[in-house]
Amino acid sequence: MSGATHRGSTLPTLAGALLAGLIFGIGLILAGMSNPAKVLAFLDLAGDWDPSLALVMVSGIAVTRVGLLIGRHTGRSASGEPFHASSHRPADRRLLAGSALFGLGWGLAGFCPGPAVVAVGAGYLPALPLAAGMLIGLWVRRPAGGAH
Amino acid sequence: MAFVAGLLAAPAAVGFAVPGFGAFAPAALDATDTLRLLLAGLLVGVGTRLANGCTSGHGVCGLARLSPRSLAAVAVFMTAAFGVVFAIRHLLPGVAA
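Residues numbered from 1 in each chain as written. Chains lettered and ligands numbered in written order. Predicted model: local features only at pLDDT ≥ 70, side-chain atom pairs only at ≥ 80, totals over all residues. Heavy atoms only, no water.

**Concerning the overall build of chain B**
(1) Moving on: Counting its secondary structure elements, chain B contains 4 helices and 0 strands.
(2) Moving on: As presented, chain B carries roughly 4,700 Å² of accessible surface, and 76% of it is formed by carbon and sulfur atoms. (Helix = DSSP H or I, 4+ residues; strand = E, 2+ residues; numbered from the N terminus. Areas by Shrake-Rupley, 256 points an atom, 1.4 Å probe, with all protein chains shown as cover.)

**Concerning the packing of aromatic side chains**
(1) Moving on: This model, assessed by the stated rule, comprises 6 aromatic pairs over all chains.
(2) Moving on: Where phenylalanine 24 of chain A meets phenylalanine 3 of chain B, the ring centres are 5.9 Å apart and the plane angle is 25°; that geometry is what we call stacked. With phenylalanine 24 of chain A in helix 1 (residues 11–31) and phenylalanine 3 of chain B in helix 1 (residues 2–17), this residue pair bridges two chains.
(3) Moving on: Taking relative accessible area as the criterion, phenylalanine 24 of chain A reaches 28% and is therefore assigned partly exposed.
(4) Moving on: Residue class for phenylalanine 3 of chain B comes out partly exposed when judged on its relative accessible area of 24%.
(5) Moving on: One aromatic cluster is present, formed by Phe102 and Trp106 of chain A together with Phe77 of chain B through successive ring pairs. (Phe/Tyr/Trp six-rings, centres within 6.5 Å; stacked < 30°, edge-to-face > 60°. Buried < 20%, exposed > 50% of the residue type's maximum accessible area, 1.4 Å probe, protein only.)

**What to know about unusual backbone geometry**
Residue and element names in this part refer to chain B.
(1) Moving on: At asparagine 52, a position not held by glycine, the phi torsion is positive, near 60°.
(2) Moving on: Its location among the elements puts asparagine 52 in the loop between helix 2 (31–51) and helix 3 (55–64).
(3) Moving on: Judged by its relative accessible area of 48%, asparagine 52 falls in the partly exposed class.
(4) Moving on: Phi at leucine 66 is positive, roughly 60°, even though this residue is not glycine.
(5) Moving on: Along the chain, leucine 66 turns up in the loop between helix 3 and helix 4 (68–91).
(6) Moving on: For leucine 66, a relative accessible area of 58% puts it in the exposed group.

**Quick look at a nonpolar patch on the surface**
(1) Moving on: Together, Ile136, Trp139 and Val140 of chain A together with Leu38, Leu39 and Leu42 of chain B give the surface a local cluster of nonpolar side chains, amounting to about 540 Å² of exposed area.
(2) Moving on: With respect to the element layout, leucine 39 of chain B can be found in helix 2.
(3) Moving on: A residue is classified by how much of its surface remains accessible, and leucine 39 of chain B, at 44% relative accessible area, is partly exposed. (Patch = residues over 30% accessible without salt bridge, like charges linked within 9 Å, V, L, I, M, F, W, Y side chains within 5 Å. Salt bridge = Lys/Arg side-chain N within 4 Å of Asp/Glu carboxyl O.)

**What to know about helix 4 (residues 93–109) of chain A**
(1) Moving on: The end-to-end C-alpha distance of helix 4 of chain A, which contains 17 residues, comes to 25 Å, matching closely the 24 Å that a straight helix rising 1.5 Å per residue would cover.
(2) Moving on: Taken as a whole, helix 4 of chain A has its buried residues at Leu95, Gly98, Ser99, Phe102, Gly103, Gly105, Trp106, Gly107, Leu108 and Ala109 of chain A.
(3) Moving on: On its buried face, helix 4 of chain A sits against helix 2 (36–43), helix 5 (113–121) and helix 6 (127–140) of chain A together with helix 2, helix 3 and helix 4 of chain B.
(4) Moving on: Glycine 110 of chain A, located one to two residues past helix 4 of chain A, shows a positive phi value of around 80°. (Expected span 1.5 Å × (residues − 1). Contact = heavy atoms within 4.5 Å.)

**Quick look at the interface of chain B and chain A**
(1) Moving on: At the junction of the two partners, chain B supplies 65 residues and chain A supplies 74 residues.
(2) Moving on: The tally of links between chain B and chain A comes to 2 salt bridges.
(3) Moving on: Among the salt bridges present, the one from arginine 89 of chain B reaches aspartate 44 of chain A, with a minimum N-O distance of 3.1 Å.
(4) Moving on: On the surface where chain B and chain A come into contact, there are 8 residue pairs in polar contact (both at pLDDT 80 or more).
(5) Moving on: Mapped onto the side of chain B that touches chain A, the elements with two or more residues apiece are helix 1, helix 2, helix 3 and helix 4 of chain B.
(6) Moving on: Among the elements that line the side of chain B that touches chain A, the one with the most residues is helix 2 of chain B, at 17 residues. (Polar contact = N/O pair within 3.5 Å; in protein donor to acceptor, adjacent residues only side chain to side chain.)

**Topic: the state of the cysteines**
The bond known as a disulfide is covalent and runs between the sulfur atoms of two cysteines.
(1) Moving on: According to the stated counting rule, one finds 0 disulfides over all chains in the structure shown.
(2) Moving on: Not part of a disulfide, cysteine 112 of chain A finds its nearest cysteine sulfur in cysteine 54 of chain B, a span of 6.2 Å.
(3) Moving on: We classify cysteine 112 of chain A as buried; its relative accessible area is 3%. (Disulfide = S-S within 2.5 Å.)

Scope: geometric values only; no functional claims are made or implied.
Put into structure tokens, the structure is as follows:
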């Protein structure tokens, strides 16, 4: 997910994104990622640790890997857009600081961005202040000149 | 934006297929909860922006690409999250659930 701006998105592209969001959201719900109690149980190593969400990550990585290999082979994404994976860069301080803040927030509430949006869609009350904070956080550090 | 719309619609889709599954009980919120959630959201938002990715961005897509940046990001945010949960649940009992 690079910060690329989408100009003149075509209908198939939009439909593809909508479908992808829907599938991703359903997956998060079925896997239990959108249940903060389960996420916090996964993060609670010293308590009654529930390691099952690690499987979600492992299988997610495996499926994504297959998709990436297909995309590299065909040069197109499933919705027909040109496929390009960005090149690898070394980790920098910004990445590490951002990840640390992200981890603090994730551990504090048990919500990361995707599940937070799903929970808002479900009308889950605690997701509202969380999503508000998230939007403010994303907006405060928005890329200069990046329109959305 | 269409992707976000899909995410928002996912609970309805799951609820339609399997009634009752994927429904979230609207929990009551007190002021402390609200503040904690708002703070958590801020950290997640700023952190995602700074690191250019989150659990799925770095954890799933990045690791699938075998990106060393993502491996570093995942190691850091998992450690931070483990640490916060440990602190809240085992060092400061009574602060939060």
